[in-house]
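Spelled out from the first residue to the last, the chains are:
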Amino acid sequence: MDDQATRLRRLVEGKNANTGRVQESGGTAGAPASGARVIAVTSGKGGVGKTNLTVNLAIALGRKGQRVIVLDADLGTANVDVLLGTSSRQSLMSLTQENVQLEDVLIRGPYGVSYISGGSGMEHAGELSLLQRQAIFNKLAGCDEWADIILVDTGAGVGRNVLDFIMASDEVLLVTTPEPTSMTDGYVVLKACRQLGIAQPVRLVVNRVFDIIESDETAKRLMGTAEKFLDMELQTLGFILDDGNMMRAVRRQMPILAAYPDSLASKCIEALSESLLTGQKQQVKMGWQGFLRKFFHNVH
Ligand SMILES: Nc1ncnc2c1ncn2[C@@H]1O[C@H](COP(=O)(O)OP(=O)(O)OP(=O)(O)O)[C@@H](O)[C@H]1O
Ligand SMILES: [Mg+2]
C-alpha cells in the first residue's frame, strides 16, 4: 500500500504536469519550464540545521524580491512554526475540506515568511479518498502563482517520506556538518538517491564550520566519496559558519536573519541565497568579526 508521502508526491507530480513543468516519466528533470522552482532541503542526520537554513533562506530570498513558500514537510513535527514562534491552525491536509482554500493554509508568517504546515495533518493522508487527494492537488497547484521558489523542509534520513519529497523536487540541498556522523549519514542519503536514479542536481551546504577551510575539506571528502563509490557528481552551494547567535535566535523563537542580521551566520545565509539565484560561488564578506575569529583562532 502507498504510504502518505507517496500520495503527496503524486499530488506534486500531478501539479507539475498541470503547470507545464518539464517532467519525464519516473521523476522530475532539470529546471521547471514555468512556475516555481522546488528545492528540497534535506540531511542524513537530524539536527544539522535544515529548518534554520530553510526559514532564513526564505527570508533572504524574500529580501531579494523572490516570492518564496516554505513547505514544512517534516512530518509529525511543526519545526517551522516553532522557529517562527507561530502556531498554524490549518495544515496541508485541511485542504480536503471544501471550505478551506490555499489562502487558508498558506500562512503569512512573521518576517515575510509564507509557509504551509505539513505537520500533524499528514498523518491522516493515508485515509484520503481519491476525491480528497484531487481537492488537495487542485488547490496546491495554486502555489505556482504565489511563489517563485518553494523550499521543502524534509525530515532527516532515508525514510520513504523523505525520499519521496526529494524525488518530487527540482533540486536538492543536502545539509551536513563537518562531524563524521553527519557526513556518513549524508552519504547514505546520496546512496539512496543514486539507487533511486534521481536526476536532480544535489548540492551540499556545509553547516557549522569554523571557517571556509573546514567547509572545503568537508565538501571535498563527501564529494570525493560520492564520485568514487557512487559515480555521482556533487556540487557545493556553500557553507554556514558555526555561530552561537543561531542558538540564541532559536531560543527567542526568531530566525537569525531577523534576530541577529549582522551575525556571521546571517551573512553566510544571505550569501547562500545569492548563490542560489545567480549560480555563482558563495562570497561572504566576513568583516571585523571574521577577522577577529581568524586572529583569535580558538574563540567561538
Ligand atoms: N550555523 C549554526 N551555528 C550554531 N548552531 C547551529 C547552526 N545551525 C544550527 N545550529 C543549531 O542546531 C540546532 C538544530 O537546527 P535545526 O532545527 O535547523 O536542525 P534540523 O536539521 O532542522 O533538525 P531536525 O532534523 O530535528 O528537523 C539549532 O537549534 C541550533 O541550536
Ligand atoms: Mg527541522
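Now for a quick tour of the structure. (Residues numbered from 1 in each chain as written. Chains lettered and ligands numbered in written order. Predicted model: local features only at pLDDT ≥ 70, side-chain atom pairs only at ≥ 80, totals over all residues. Heavy atoms only, no water.)

1. Things to note about the environment of Arg108
With respect to the helices and strands, the residue Arg108 is situated in strand S5 (residues 106–108). C-alpha of Arg108 to C-alpha of Ile69: the two residues are 39 residues apart in sequence and 9.3 Å apart in space. (Helix = DSSP H or I, 4+ residues; strand = E, 2+ residues; numbered from the N terminus.)

2. Things to note about the site of ligand 1
Residues in contact with ligand 1 amount to 18 residues; listed here are only the nearest, Lys50, Thr51, Asn52, Asn207 and Asp243. One nitrogen or oxygen atom from the main chain of Val48 is found 3.1 Å from an oxygen atom belonging to ligand 1. Note that an oxygen atom of ligand 1 is positioned 3.1 Å from one of the side-chain N or O atoms of Asn79. Protein contacts shield 81% of the accessible area of ligand 1, which totals 640 Å² for the unbound molecule. Mapping ligand 1 onto the cavity grids shows that it belongs to the largest pocket. Residue assignment for the shell around ligand 1 shows that the elements contributing at least two residues are helix H2 (50–63), strand S9 (202–209), strand S10 (235–241) and helix H10 (244–251). (Near = heavy atom within 4 Å. Polar contact = N/O pair within 3.5 Å; in protein donor to acceptor, adjacent residues only side chain to side chain. Areas by Shrake-Rupley, 256 points an atom, 1.4 Å probe, with all protein chains shown as cover. 1 Å grid on protein atoms, 1.4 Å probe; cavity = no way out; pocket = protein on both sides within 12 Å on 5 of 7 lines; lining within 4 Å. Sits in = over half its atoms within 2 Å of the grid points.)

3. Side note on the coordination of the magnesium ion (ligand 2)
Distances from the magnesium ion (ligand 2) to its protein donors, Thr51 (OG1) and Asn79 (OD1), fall within 2.0 to 2.4 Å. Of this pair, Thr51 sits in helix H2 while Asn79 sits in helix H3 (residues 79–84), placing them 28 residues apart in sequence. For Thr51, a relative accessible area of 10% puts it in the buried group. Using a relative accessible area of 28% as the deciding quantity, one classes Asn79 as partly exposed. (Donors = N, O, S within 2.8 Å, 3.2 Å for Na, K, Ca; no water. Buried < 20%, exposed > 50% of the residue type's maximum accessible area, 1.4 Å probe, protein only.)

4. Side note on the packing of helix H7 (residues 160–168) against helix H8 (residues 180–196)
Interhelical geometry of H7 versus H8 gives an angle of 60 degrees and a closest axis separation of 11 Å. The orientation of H7 relative to H8 falls into the category oblique. Taken as a pair, H7 and H8 cross one another with a handedness that is right-handed. Across the interface between the two elements, Leu163, Ile166 and Met167 of H7 pack against Val189, Ala192, Cys193 and Leu196 of H8. In the contact of H7 with H8, the residues fall into seven nonpolar, no polar and no charged. (Axes fitted to C-alpha atoms, helices over the stretch in contact; angles between N-to-C directions. Parallel < 35°, antiparallel > 145°, perpendicular 65-115°, else oblique. Left-handed = near helix turned anticlockwise from the far one by under 90°. Contact = heavy atoms within 4.5 Å. Nonpolar A, V, L, I, M, F, W, Y, C, P; charged D, E, K, R; others polar.)

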